[in-house]
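Observations on the model geometry
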Amino acid sequence: MMALRGKTRAAMRCFFLTQQQLRLPLPLTPSSAADISSISAPSSHRFFSFTCSSLFRHSPLFAPSNQAFSRPISFRELHSSPPSIRSFAARGLQTMPNSDSVTYLTQREAAEVDEILMGPLGFSVDQLMELAGLSVATAIAEVYKPSEYNRVLAICGPGNNGGDGLVAARHLFHFGYKPFICYPKRTPKPLYSGLVTQLESLSVPFLSVEDLPADLSKEFDIVVDAMFGFSFHVQKLVDLDDPTGVRQRTPAVVSVDIPSGWHVEEGDVNGGGMKPDMLVSLTAPKLGAKNFSGAHHFLGGRFVPPAIVDKYKLHLPPYPGTSMCVRIGKPAHIDISALRENYISPEFLEEQVAADPFVQFRRWFDEAVEAGLKEPNAMGLSTVGKDGKPSSRMVLLKGFDQDGFVWYTNYESQKAHQLSENPRASLLFYWDGLNRQVRVEGSVQKVSEEESEQYFHSRPRGSQIGAIVSKQSSVIPGRQVLYEEHKELQEKFSDGSVIPKPINWGGYRLRPELFEFWQGQQSRLHDRLQYTPEEVKGTRVWKIVRLAP
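Remember, predicted model here, so these are calculated numbers, not experimental data. (Residues numbered from 1 in each chain as written. Predicted model: local features only at pLDDT ≥ 70, side-chain atom pairs only at ≥ 80, totals over all residues. Heavy atoms only, no water.)

1. Looking at the UniProt feature "binding site: (6S)-NADPHX" (unreviewed entry) in the protein chain
Operational definition: UniProt positions are given in the numbering used here, feature names are shortened, and annotations may be inferred rather than shown by experiment. Per the convention used, a helix needs a DSSP run of H or I reaching at least four residues, while a strand needs a run of E reaching at least two, with both numbered from the N terminus.
UniProt tags Asn160, Asn161, Gly162, Gly163, Asp164 and Asp257 as "binding site: (6S)-NADPHX" (unreviewed entry). In summary, the annotated positions, though distributed over 98 residues, converge in three dimensions, the widest C-alpha pair being only 12.2 Å. Counting through the fold element by element, Gly163 comes out in helix α7 (residues 160–174).

What follows is the structure, encoded as structure tokens:
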């Protein structure tokens, strides 16, 4: 992210986790040992300090651009990050582009991009750091939900990579996580002091190296590795296997831009670097990221201007919506049986619900709309024909009142045929962001022709033409057939004349005979309240019962 500023210090102090914390040996390689002129080990064995005899010889910043490095980068400039480390661009969470189709930057290219960003394009260090940290936090929140992975330890080095970690921790606090900071070598510059002040104002705990628990897996759910160039010989933060032989969940390790101990272009050359579960690359991934084998690789930032994209012929996936990061490549194999969500929701009690299920549905539907959930009117529609074979599909609710729930479709579709044979159906609404579901069962009948006409002509003209073109559920030779017929009808009605509703198109109304409202709760102790009608003194009322989850 940053161009070179100031002079590199020839000596640095570097932070190590103890062997007990890592649960793995930390041998010094001959090449790294030769560069250590002095080592002191306090009695606590919490950290070591060493002086680099020749930082310039090992720093990628000062190495000739046409030379390869023989081992992972061991140091990072204290005052500013090497350009190769900190460029970043933007992305958003959407489809998963093939990792081979994404541009990977060399050290030299990344350095040039940073010089342009912080030179003629006018970006400042704090702007880029804020975007980087927000991207990291967004990627973490996309994969690791705070209901399951709440306790986050951000281990931050003294440079810009560490600054990204501090910014990410602040955003994670506002996302509902509980962050902790280990920042053993603080940078005295105002930018970093300000980040510390911001975190302290949120009462985010700062832990010294000595305060870290012997086994991080017992205290933290996520560890953010923002130490690149500061702790170069870390293999793992925790052992993946419990001594008893029983597999336990360990902290998810998230590395910022380049995992600690990795070479920018060659990756984890000696096998002694961090082994993250998630890597959040910034700008474009560096060449070393091709060796990343964890489950989640994201690209973050979202600001690279077209001039840089064109100059370096960058292939970067597009961002969906307002997202700040995007996944690169396919995720690693996932154990489907291990996928679960521990829902955290307010209690859903009988004394709190409306006596009328239509009123209760309206409350929940309005809350789904207010929460900004995508297509809160999407519902699963299940039907069964005379052959007894069920069929389900997603449709859109287009209206509801005391008479029932309305949707529109082609009367010659599969669901229409099944409803003609068995005029009963079930609806399912699922509002993931609120941990809620609603099931509705009942009889189905067509709405009036007048009602169908009115709704049809309220639709966009393109959708009206689409309803004519699509012979729903019938076999067609190819998509081009649809395009051609749609184009012909667009030309036919280009004068703005009324588009006639097809005779075989209209609405259905389900009249509810059963409602079930489901609210997800912890440990699978979900709330399920069911409404069914009954007669009380000649009046139809709704009986409410609680069902076991």
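Having seen the structure, we can now continue with the description.
2. Some words on the pattern of salt bridges
Here is the rule: By salt bridge we mean one thing: a side-chain nitrogen of Lys or Arg within 4 Å of a carboxyl oxygen of Asp or Glu.
Taken as a whole and judged by the stated rule, the model has 17 salt bridges. Between Glu516 and Arg528 there is a salt bridge; the shortest N-O distance is 2.6 Å. Here Glu516 is found in strand β17 (residues 505–519), whereas its partner Arg528 is found in strand β18 (residues 527–536), with twelve residues between them in sequence. Because the salt bridges share partners, they merge into one network encompassing Arg439, Glu441, Glu516 and Arg528.

3. As for the packing of aromatic side chains
Spelled out, the test is: Stacked, tilted and edge-to-face are the three classes assigned to paired rings of Phe, Tyr and Trp, where Trp is represented by its six-membered ring and a pair needs centres within 6.5 Å; plane angles under 30 degrees give stacked, over 60 edge-to-face, the rest tilted. Working definition: with a 1.4 Å probe on protein chains only, accessible area under 20% of the residue-type maximum means buried, over 50% means exposed, and in between means partly exposed. The criterion is that NZ of a Lys, or CZ of an Arg, lies within 6 Å of the ring centre and within 35 degrees of the ring normal, and then a charge sits over that ring.
Following the criterion strictly, the structure yields 29 aromatic pairs and no others. For the pair Phe361 and Phe365, a centre-to-centre distance of 6.0 Å together with 20° between the ring planes defines the contact as stacked. Taken as a pair, Phe361 and Phe365 lie in helix α10 (residues 357–370) at a separation of four residues, close to a single helical turn. Here Phe361 matches Phe365 in class, with each residue buried. Arranged with centres 5.8 Å apart and planes meeting at 35°, the rings of Phe429 and Trp431 form a pair that is tilted. Considered together, Phe429 and Trp431 belong to a single accessibility category, that of buried residues. The ring centre of Tyr104 lies 5.1 Å from the NZ or CZ of Lys290, which sits over that ring. Residue placement shows Lys446 over the ring face of Tyr411; its charged tip is 4.1 Å from the ring centre.

4. Structural notes on the nonpolar core
Operational definition: Nonpolar cores were defined as sets of buried Ala, Val, Leu, Ile, Met, Phe, Trp, Tyr and Cys residues, with membership established by side-chain atoms within 4.5 Å. Every residue pair with non-hydrogen atoms within 4.5 Å of one another is taken to be in contact.
Ranked by size, the top nonpolar core spans 37 residues in total, and within it Ile140, Tyr144, Ile181, Ile222 and Met278 carry the most contacts. Breaking this core down by element, the ones donating at least two residues are α6 (125–143), β3 (151–156), α7, α8 (190–201), β6 (222–226), β7 (252–256) and β8 (278–282). In terms of residue count, the dominant contributor to this core is α6 (eight residues). With sequence-adjacent residues up to four places away left out, Tyr144 is seen in contact with Tyr149, Tyr177, Ile222, Ala252, Val254, Asp277, Met278 and His296. Residues Val353, Tyr411, Trp431 and Phe515 belong to the second largest nonpolar core, which totals 31 residues.

5. Some thoughts on the UniProt feature "binding site: K(+)" (unreviewed entry) in the protein chain
Quick reminder of the rule: Pairing of N or O atoms within 3.5 Å defines a polar contact, subject to two protein rules: one partner must be a possible hydrogen donor and the other a possible acceptor, and residues neighboring in sequence count only if both atoms are side-chain atoms.
The residues that UniProt annotates with the feature "binding site: K(+)" (unreviewed entry) are Asn161, Asp225 and Ser260. A maximum C-alpha distance of 10.1 Å is found for the annotated residues, which run over 100 residues; spatially they form one tight group. For Asn161, the location among the structural elements is in helix α7. The class for Asn161 is buried, based on a relative accessible area of 0%. Reaching out from Asn161, the side chain makes a polar contact with the backbone nitrogen of Met227 at a distance of 3.2 Å. Mapped onto the fold, Ser260 is located in the loop between β7 and β8. For Ser260, a relative accessible area of 0% translates into the label buried. Here the side chain of Ser260 touches Asp225 through a polar contact of 2.4 Å, side chain to side chain.

6. Points about the sheet that holds strand β4 (residues 178–182)
Pairing between sheet strands relies on hydrogen bonds along the backbone, with the strands arranged either parallel or antiparallel. Formally: When DSSP locates at least two bridges between a pair of strands, those strands are taken to pair.
Spatially, β5-β4-β3-β6-β7-β8-β9-β10 is the arrangement adopted by the eight strands of the open sheet, whose pairing is mixed. In this open sheet, the two strands that pair with only one neighbour each are β5 (206–207) and β10 (325–327).

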